[in-house]
Amino acid sequence: MLVVKTSKYADRSQLKAHSLAPRRTVYLPVYRSAGYDGQKAFDAADPAVPDGNRRTSTVAGQALYLMNSELMHESSRALAKILTSSIPSQNSRDRTSWLIEHLLGRESTEKERLQGEKFVNNYSDQKEAWAAFARVLFSSNEFLYVE
Amino acid sequence: MSLCGHRAGLPLSRRDMLQRSGTGFGALALQAMLAREAAGSSKAPPLPGTAKRVIFLFMHGGPSTVDLFDPKPLLTRDSGKPFPLKAPRITSHKSKNLLLKSPWSCQPRGESGAQVCDLLPNIASIADDLCFVRSMNCSNSRHGGALLELHTGSDTFTRPSMGSWINYGLGSENENLPGFITINPSGSHGGAGAWSSAFLPAKYSGTRIGGKSGEMKVPFIDNPLHDRGKQRKELDLLASFNRDHLAQRGADSELESRIASYELAFKMQMEVPGVQDISSEPAHIKKLYGADIDPTKSFGEQCLMARRFSEAGVRFVQVTHRYWDSHGNLKKEHEKLSAEMDKPVAGLVSDLKQRGLLDETLVLWGGEFGRTPTAQGNDGRDHNPHGFTMFMAGGGIKPGTVYGSTDDYGYYAKDKPVHFHDLHATILHLMGIDHEEFTYRYAGRNFRLTDVAGKVVNGIIA
């Protein structure tokens, strides 16, 4: 028989630590009497009852999370870093194309390339500009919703 | 939000119906509806209600109301003797059930003659505006269970909080603010369960304003860029991308709501900090709440913030004061807590009254339970869910009233007992909602805030 110490992998008092672990949420312990803020904001299922038909919502609190959370800002900065090393030329049309291809899995349109160019030209700092552009794509419906 | 494009939720199906009715009337109605939903617009209550908003002053831990509002001559006389009635089968701690007289005394106050403890001179001075229910009771003697029972009606399952129910029923009065705000709530004893919308749509869930005193905030309200202009440009580009995406896919209410949600979030980001900021309040108002000096500063600021949110149209505002759980050190702890709480509470009621807001704002004061008239140790009292006092003001409640009673020692609700379910039924009634008609279908049946219980307490309604 496998013998494991109580609470070795799942400790009710360590919710915060569990949520920060670099693992997919499917590996998070689920407590009937508690939950995680991020999951709750995005309609995690009620663990107390069978839930065959997940409820979904679209609320301003979720938008605030997408606009201002550390996760979104860190991820967009990290992506901008990859972008600038992948496309070392400062050509903003090329960079726009690269970002759209990598995040949305399709070719960019001429309109998007123009918009991208115009958007990043507003910034003096290129790193900041591309992080902002990446954030826009991360928050876009096309990225968030899968067919 | 669904990341797989699959959406199922009863209240949203109306959108699909309208969508399918083509581009004519359906499209127009859908547009109007989406705009309203994004705004969370106000709905008229089904019945004529007196209260439009609720401010709930929650005393976490369980204040000893037998000391504060429900004096018992026999408890004083028989102090030290065994409690002569049968003690509850389940108690929080083992006890010899010896009676303990109050370390303080109460006096009849105002014209109503309601009893208020000497520890609460400011509340005593407004006794004629208050309605004391001395026969409150609930079913759970533990903090977590009782707290959830008070907030949601259930001590066993995750159920919507009363603030969520009220917002679901009546909508928000201010399109730029959440309809349910809870200031400084406890993370334990039910935690987020106390302000969760549970099975109701997430937009009705409470927005927590937490953090250190003086630095309390809505989660993720601060933009890390500290640059509203730049963020606005990001949102404009985002909106443009989203519109093109939508145009390719054809009408999709989910995508449209998501677009609208960014605009509401941006407005909230601009409006919330201003409403929350009490620094613009004149000195005499801060003084009225005790928000100027200790020991009332912290709770006074929170009560003042609550009034500002309520005044701006937030349906349900809760403020939590803690921690009244005096198993020991009753005398010292309750004196400290009373000194922190008394002036802000009386200040809030007086301020609402002078602004003409008290008639339409229901103020509710109370803990998840009271405390036993019997001793724990020689200077403490245990949890008592069997009989305790809560008080209310405004919103159509009968002022200067004392309702119900406990037994001769203050242990059990005796005359006209009021359970939390009855309290919920009464709050809904005051807001123009029949608690038996107000349901939400979930997990195969209709649910109510009062589930299968609750009677409106007509004796406390003006």
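Residue positions are counted from 1 within each chain, in the order its sequence is given. Naming scheme: in the order in which they are written, chains are lettered from A and ligands are numbered from 1. Only residues with pLDDT of at least 70 get local features here, since the model is predicted, and only at 80 or more are side-chain atom pairs given and counted; chain-wide, interface and lining totals rely on the full set of residues.

Peer 1: How should the overall build of chain B be read in this particular structure?
Peer 2: Each helix and strand in chain B was counted, giving 13 helices and 17 strands. With respect to the principal axes defined by its C-alpha atoms, chain B has extents near 80 × 50 × 40 Å. Across the 462 residues in chain B, those meeting the buried criterion constitute 52%. Intrachain contacts of chain B at a sequence separation of at least 6 include 74% that bridge at least 24 residues. The way it works is that DSSP assigns letters per residue, a run of H or I at least four long becomes a helix, a run of E at least two long becomes a strand, and they are numbered from the N terminus. Every C-beta atom is placed from the backbone, and the number of other C-beta atoms within 10 Å of a residue's own sets its class: buried at 20 or more, exposed at 12 or fewer, partly exposed in between. Whether two residues are in contact is decided by their C-beta atoms, placed from the backbone, lying within 7 Å.

Peer 1: Explain the overall build of chain A here, please?
Peer 2: The helix and strand inventory of chain A stands at eight helices and zero strands. Each helix and strand of chain A, placed in order from N terminus to C terminus, yields the pattern α-α-α-α-α-α-α-α. Every one of the 147 residues in chain A was classed for burial, and the buried ones make up 27%. Put simply, 39% of the contacts in chain A that link residues at least 6 apart link residues at least 24 apart.

Peer 1: Help me understand the packing of helix H5 (residues 92-104) of chain A against helix H6 (residues 110-120) of chain A, please; the structure alone is not making it clear to me.
Peer 2: The geometry of a pair of packed helices is captured by two quantities: the angle between their axes and the separation between those axes. Residue and element names in this part refer to chain A. The contact between H5 and H6 brings their axes to 8 Å, and the two run at 115°. The handedness of the crossing between H5 and H6 is right-handed. Counted together, Ser 92, Arg 93, Thr 96, Ser 97 and Ile 100 of H5 and Glu 112, Arg 113, Gly 116, Glu 117 and Val 120 of H6 form the full contact between these two elements. Of the residues in the contact of H5 with H6, the class split is two nonpolar, four polar and four charged. Between N-to-C directions, angles span 0 to 180 degrees; the directions come from axes that are lines fitted to C-alpha atoms, helices contributing only their stretch in contact. Working rule for handedness: look at the near helix, and if it is turned counterclockwise from the far one by less than a right angle, call the crossing left-handed; if clockwise, right-handed. Throughout this entry, Asp, Glu, Lys and Arg are counted as charged residues, while Ala, Val, Leu, Ile, Met, Phe, Trp, Tyr, Cys and Pro are counted as nonpolar. The remaining residues, Gly among them, count as polar.

Peer 1: I keep staring at the pairing of strand E4 (residues 130-137) of chain B and nothing clicks. Help me out?
Peer 2: It is a general feature of regular strands that their side chains alternate between the two faces of the sheet. Residue and element names in this part refer to chain B. Counted residue by residue, E4 has eight buried out of eight residues, so it is predominantly covered. Two strands pair under a simple rule: DSSP has to find at least two bridges between them. When E4 meets strand E11 (residues 388-393), the two strands line up antiparallel, connected through five bridges. Across the sheet, residue Met 136 finds its bridge partner in E11, namely Phe 388.

Peer 1: Even after reading the chapter, I still don't get the domain arrangement of chain A, so can you show me in this structure?
Peer 2: Accessible area lost during the coming together of the parts is what is often quoted as the interface size. Marked domain ranges trace back to an automatic or database domain assignment. On domain assignment, one finds that chain A holds domain 1 (12-47) and domain 2 (63-144). Here the C-alpha centroids of domain 1 of chain A and domain 2 of chain A sit 29 Å apart.

Peer 1: Just checking my understanding: could you explain the confidence of the model for chain B for this structure?
Peer 2: Low-pLDDT portions of the prediction should not be read for the details of their coordinates. Residue and element names in this part refer to chain B. Across the chain, each position has a pLDDT score giving the predictor's confidence in that residue, from 0 to 100. Of the residues in chain B, 91% have a pLDDT of 70 or more, and the chain-wide mean is 88. Taken together, the stretch residues 1-39 has pLDDT below 50 and engages in 49 contacts with residues farther than four places along the chain or on a different chain. As a predicted assembly, this complex carries a pTM of 0.82 together with an ipTM value of 0.87.

Peer 1: Where do I start with helix H11 (residues 297-311) of chain B in this structure?
Peer 2: Each turn of an α-helix holds 3.6 residues, which means side chains three or four residues apart point in the same direction. All names here are of chain B. Multiplying 1.5 Å by the helix residue count minus one yields the expected span of that helix. The end-to-end C-alpha distance of H11 is 21 Å, a good match for the 21 Å that 15 residues give at a rise of 1.5 Å each. Within H11, eleven of the 15 residues are buried, which leaves it mostly tucked inside the rest of the structure. Taken together, the buried positions of H11 are occupied by Phe 299, Gly 300, Glu 301, Gln 302, Cys 303, Leu 304, Met 305, Ala 306, Arg 307, Phe 309 and Ser 310. Just past H11, the residue Gly 313 takes up positive phi, approximately 105°.

Peer 1: Help me out: how do you make sense of the environment of Gln 115 of chain A in this one?
Peer 2: Position of Gln 115 of chain A relative to the elements: it lies in helix H6. Sequence spacing of Gln 115 of chain A and Thr 96 of chain A is 19 residues, and the spatial spacing of their C-alpha atoms is 9.0 Å. Sequence-distant contacts of Gln 115 of chain A, that is, excluding residues within four places in its chain, are made with Leu 237 and Ser 240 of chain B.

Peer 1: Looking at this structure, I do not really get helix H4 (residues 70-86) of chain A. What am I missing?
Peer 2: Residue and element names in this part refer to chain A. With 17 residues, H4 ought to run about 24 Å at 1.5 Å a step, and its terminal C-alpha atoms sit 24 Å apart, in line with that. Those residues of H4 that sit buried are Ser 76, Leu 79, Ala 80 and Leu 83. What you see down the axis of H4 is that its buried residues fit within an arc of 105°, all on one side. Facing away from the buried side of H4, by more than 90 degrees, are the exposed residues Glu 70, Leu 71, Glu 74, Ala 78 and Ser 85. Here the buried face of H4 lies against H5 and helix H7 (126-139). Of all possible arcs, the one meant is that of the directions from the helix axis to the C-beta atoms.

Peer 1: Mind showing me how you'd approach unusual backbone geometry here?
Peer 2: Across residues other than glycine, the phi torsion is negative in most instances, and most of the peptide bonds are trans. All names here are of chain B. A cis amide bond links Asp 294 with the next residue in sequence, Pro 295, at an omega value of 5°. Examined against the element boundaries, Pro 295 turns out to sit in the loop between helix H10 (283-289) and H11. Residue Arg 322 is joined to Tyr 323 through a cis peptide bond whose omega torsion reads 10°. Position of Tyr 323 relative to the elements: it lies in the loop between strand E7 (316-322) and helix H12 (330-354). Its identity as a non-glycine residue notwithstanding, Asn 97 has a phi of 55°, on the positive side. Counting through the fold element by element, Asn 97 comes out in the loop between helix H4 (73-77) and strand E2 (106-109). The phi torsion at His 226 lies on the positive side, around 50°, for a residue other than glycine. When you line up the elements, His 226 lands in the loop between strand E6 (207-209) and helix H8 (228-249).

Peer 1: Help me out: how do you make sense of the environment of Ala 339 of chain B in this one?
Peer 2: Looking at the secondary structure, you find Ala 339 of chain B in helix H12. Remark: the alpha-carbon pair of Ala 339 of chain B and Arg 159 of chain B, spanning 180 residues in sequence, is separated by 34 Å.

Peer 1: Teacher, can you tell me more about the domain arrangement of chain B here?
Peer 2: Residues and elements named next belong to chain B. Partitioning chain B into structural domains gives domain 1 (48-218 + 294-460) and domain 2 (220-276). On a C-alpha basis, the centroid separation for the pair domain 1 and domain 2 is 38 Å. For the side of domain 1 that touches domain 2, the residue count by class is five nonpolar, one polar and two charged.

Peer 1: Any chance you could explain the packing of H5 of chain A against H7 of chain A here in plain terms?
Peer 2: All names here are of chain A. Their axes nearest at 11 Å, the elements H5 and H7 cross at an angle of 35°. The two elements H5 and H7 cross, and the hand of that crossing is right-handed. Packed against H5, whose contacting residues are Arg 95, Leu 99, Ile 100, Leu 103 and Leu 104, the element H7 presents Trp 130, Phe 133, Ala 134 and Leu 137 at the interface. Of the residues belonging to the contact of H5 with H7, the class tally is eight nonpolar, no polar and one charged.

Peer 1: What's the story with the pairing of E11 of chain B in this structure? I'm lost.
Peer 2: Residues and elements named next belong to chain B. With six of its six residues buried, E11 lies for the most part within the structure. Along E11, one buried face is formed by Phe 388, Met 390 and Met 392 and the opposite face, lined by Thr 389, Phe 391 and Ala 393, is buried too. Here strand E8 (residues 361-366) runs beside E11; their pairing, made up of three bridges, is antiparallel. Within E11, the residue paired with Leu 364 across the bridge is Met 392.

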